[in-house]
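Chain residues, written in single-letter form:
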Amino acid sequence: METSPKAYLRQPWLMRLGIGVFAVGVLAVLTVFIMFAAGLRELPVWLSAAAGVATPLGLVLGFIALVREHRSR
């Protein structure tokens, strides 16, 4: 098992994409909760859609990357 910095660079691009999409989704979910707690009731549709789509999409992309990495070994 390598622990060098080069090992990080060889990480699958799909996993990095999944982590990024998941992070955007979690940020959108937190934003929706904060806005709702602040008393705003008419939230932007694009923000609610990002919260509902980006988080599970990031999980799916990460899972696909894990399966692909496991099968390549």
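Please refer to the structure higher up on the page.
Structure report, in brief. (Residues numbered from 1 in each chain as written. Predicted model: local features only at pLDDT ≥ 70, side-chain atom pairs only at ≥ 80, totals over all residues. Heavy atoms only, no water.)

## Section: the overall build of the chain
- Counting secondary structure elements, the chain contains three helices and zero strands.
- When the elements of the chain are put in sequence order from the N terminus, they spell out α-α-α.
- Taking all 73 residues of the chain together, 22% fall into the buried category.
- Across the chain, every contact between residues at least 6 apart in sequence was considered, and the portion connecting residues at least 24 apart equals 66%.
- Carbon and sulfur atoms make up 72% of the accessible area of the chain, which totals about 5800 Å². (Helix = DSSP H or I, 4+ residues; strand = E, 2+ residues; numbered from the N terminus. Buried < 20%, exposed > 50% of the residue type's maximum accessible area, 1.4 Å probe, protein only. Contact = heavy atoms within 4.5 Å. Areas by Shrake-Rupley, 256 points an atom, 1.4 Å probe, with all protein chains shown as cover.)

## Looking at the environment of Gly 20
- Checked against the element boundaries, Gly 20 lands in helix α2 (residues 13-37).
- Given a relative accessible area of 34%, Gly 20 falls into the partly exposed group.

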